[in-house]
2 protein chains.
Amino acid sequence: MQISPLLESLMEALRCLPGVGPKSAQRMAFHLLQRNRQGGIKLAHDLHEAMINIGHCKECRTFTEQETCTICANTRRQSSKQLCVVETPADIVAIEQTGQYSGRYFVLLGHLSPLDGIGPSDIGLDLLKKKLSSESISEVILATNPTVEGDATANYIAQMCAEFNVTATRIAHGVPVGGELEMVDGTTLSHSFVGRQKIEL
Amino acid sequence: MQISPLLESLMEALRCLPGVGPKSAQRMAFHLLQRNRQGGIKLAHDLHEAMINIGHCKECRTFTEQETCTICANTRRQSSKQLCVVETPADIVAIEQTGQYSGRYFVLLGHLSPLDGIGPSDIGLDLLKKKLSSESISEVILATNPTVEGDATANYIAQMCAEFNVTATRIAHGVPVGGELEMVDGTTLSHSFVGRQKIEL
Ligand SMILES: [Zn+2]
Ligand SMILES: [Zn+2]
């Protein structure tokens, strides 16, 4: 049934959001049309601006519309000489919320996955190597997901760190095996930072 | 924490969608940025177009960007002389999916609710009265929600129909009491149409 082509397009377009099926798309479309058109217009604007203007930080690869993100640009953060490697920008949000960490980050935007053709340069490890060789880094904290791929990626980076005599640690306690870092509660994540262990190769 | 003002704005704006809290807003924003920017841009465009251009059908008050919706403009629909009264445009979608009904609709966009100051003219009953007096309508099917307010609204409209000697029926079987019409499965809704009863005043 085609009541309104614009409405049909909107319901179809809403399904690009994760977890939104035909039924929730319809609920969302009708909710905005009936109760919150101003909110819908603002969302359309903010969404367009974000998709067009947000790029990646040239230092850590996280999402930002600036050349360098606010964390990388922060001199107090730089002075800690710690670098925490995560798979996604969402992991930074989760770690920041613990309040346990005051160093900088490096975002892989993925993990090594040879079967999918994802190698070191696809997850920015050439850039990380440059940082290891040129910057004074005291410790690389490997906070990739506790999955097979996350562990393999952490080990690969730990070997890279060893070449440059940089200590590599892996977050440990509390993070449930097979889970996604982004979904872990703050307390568990705090514990995993406190209990981190040096990787013995 | 403020990594990126544009990203913060987007996550805040996404929360105007029903059922979207801070955590899902973040997931949605990162998902689009990381995996589907084209989808995000299209959604922004379609959302803006829909919010700006979709108004209400001048015959039935449902959402449409045209003056008259495709159902009202359909001459086969007009010839059935039936008018089905529903609370929301989403109810039309649900009823159309049953394939049981081939008449026209009238959308209240709400229900009578004296405590909230919602009276007959707020739900378009002045327009409905005009239709009852000027058009040849054989039956008004009252498909408001099976709630206290929906029942009261149906009774009020049935009395209006009586003034114009138009038969009013209420959908009956299968619709669970206290539920929302929009959420009912197609089979149940089909039964409720077949088993509709004349309202005896
Ligand atoms: Zn950065
Ligand atoms: Zn119409």
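See above for the structure.
What you are looking at is a predicted structure, and each value in this text was computed from that prediction instead of being measured. (Residues numbered from 1 in each chain as written. Chains lettered and ligands numbered in written order. Predicted model: local features only at pLDDT ≥ 70, side-chain atom pairs only at ≥ 80, totals over all residues. Heavy atoms only, no water.)

S.K.: Help me understand the relation of the copies chain A and chain B in this model?
M.R.: Superposition of the two copies of the chain requires a rotation about an axis and a shift along the axis. Between chain A and chain B, which share one sequence, the superposing operator has a rotation angle of 180° and an axial displacement of 0.0 Å; the RMSD is 0.0 Å. A rotation of that kind, with that shift, is consistent with a two-fold axis. For chain A, the smallest separation between a C-alpha atom and the rotation axis is recorded for alanine 44 of chain A, amounting to 2.0 Å. Taken together, the interface assignments show that 100% of the residues at the interface of chain A recur at the interface of chain B, consistent with an identical surface on both copies. (Least-squares fit on C-alpha atoms with pLDDT ≥ 70 in both. Contact = heavy atoms within 4.5 Å.)

S.K.: So what exactly am I meant to see when it comes to the pairing of strand 6 (residues 167-170) of chain B here?
M.R.: Successive residues of a regular strand alternate their side chains across the two faces of the sheet. Residue and element names in this part refer to chain B. For strand 5 (residues 139-142) and strand 6, the ladder comprises four bridges, and the chain directions are parallel. Looking at strand 6, one finds that isoleucine 141 is bridged to threonine 169. In this fold, strand 5 hands off to helix 8 (residues 148-163), which returns the chain to strand 6; that crossover is right-handed. (Pairing = 2+ DSSP bridges. Helix = DSSP H or I, 4+ residues; strand = E, 2+ residues; numbered from the N terminus. Right-handed = clockwise from strand over helix to strand, strands pointing away.)

S.K.: Hey, could you run me through the packing of aromatic side chains in this one?
M.R.: Each aromatic ring pair is summarised here by two numbers: the centre-to-centre distance and the angle between the ring planes. Per the counting criterion, the structure on display carries four aromatic pairs over all chains. Measuring from centroid to centroid gives 5.8 Å for phenylalanine 30 of chain A and phenylalanine 63 of chain B, while their planes differ by 25°, and the two rings are stacked. Separated into two different chains, phenylalanine 30 of chain A in helix 2 (residues 22-35) and phenylalanine 63 of chain B in strand 2 (residues 63-64) make up a pair that spans both. Residue class for phenylalanine 30 of chain A comes out buried when judged on its relative accessible area of 4%. Looking at phenylalanine 63 of chain B, the relative accessible area reads 1%, which means it is buried. Considering the side-chain rings of tyrosine 101 of chain A and tyrosine 105 of chain A, the 5.2 Å spacing of their centres and the 65° angle between planes classify their relative orientation as edge-to-face. Here tyrosine 101 of chain A and tyrosine 105 of chain A have matching classes, each one buried. (Phe/Tyr/Trp six-rings, centres within 6.5 Å; stacked < 30°, edge-to-face > 60°. Buried < 20%, exposed > 50% of the residue type's maximum accessible area, 1.4 Å probe, protein only.)

S.K.: How should the coordination of the zinc ion (ligand 1) be read in this particular structure?
M.R.: A four-donor tetrahedral metal ideally has 109.5 degree angles, and a six-donor octahedral metal ideally has angles of 90 or 180 degrees. Residue and element names in this part refer to chain A. Coordination sphere of the zinc ion (ligand 1), protein contribution only: Cys57 (SG), Cys60 (SG), Cys69 (SG) and Cys72 (SG), at 2.3 Å. Around the zinc ion (ligand 1), the four donor atoms sit at angles spanning 105 to 118°, and that spread fits a shape best called tetrahedral. Mapped onto the sequence, the residues coordinating the zinc ion (ligand 1) show the spacing C-x2-C-x8-C-x2-C. Relative accessible area serves as the criterion here: at 1%, cysteine 69 is assigned to the buried category. (Donors = N, O, S within 2.8 Å, 3.2 Å for Na, K, Ca; no water. Tetrahedral: all angles 85-135°; square planar, octahedral: opposite > 155°, others 65-115°.)

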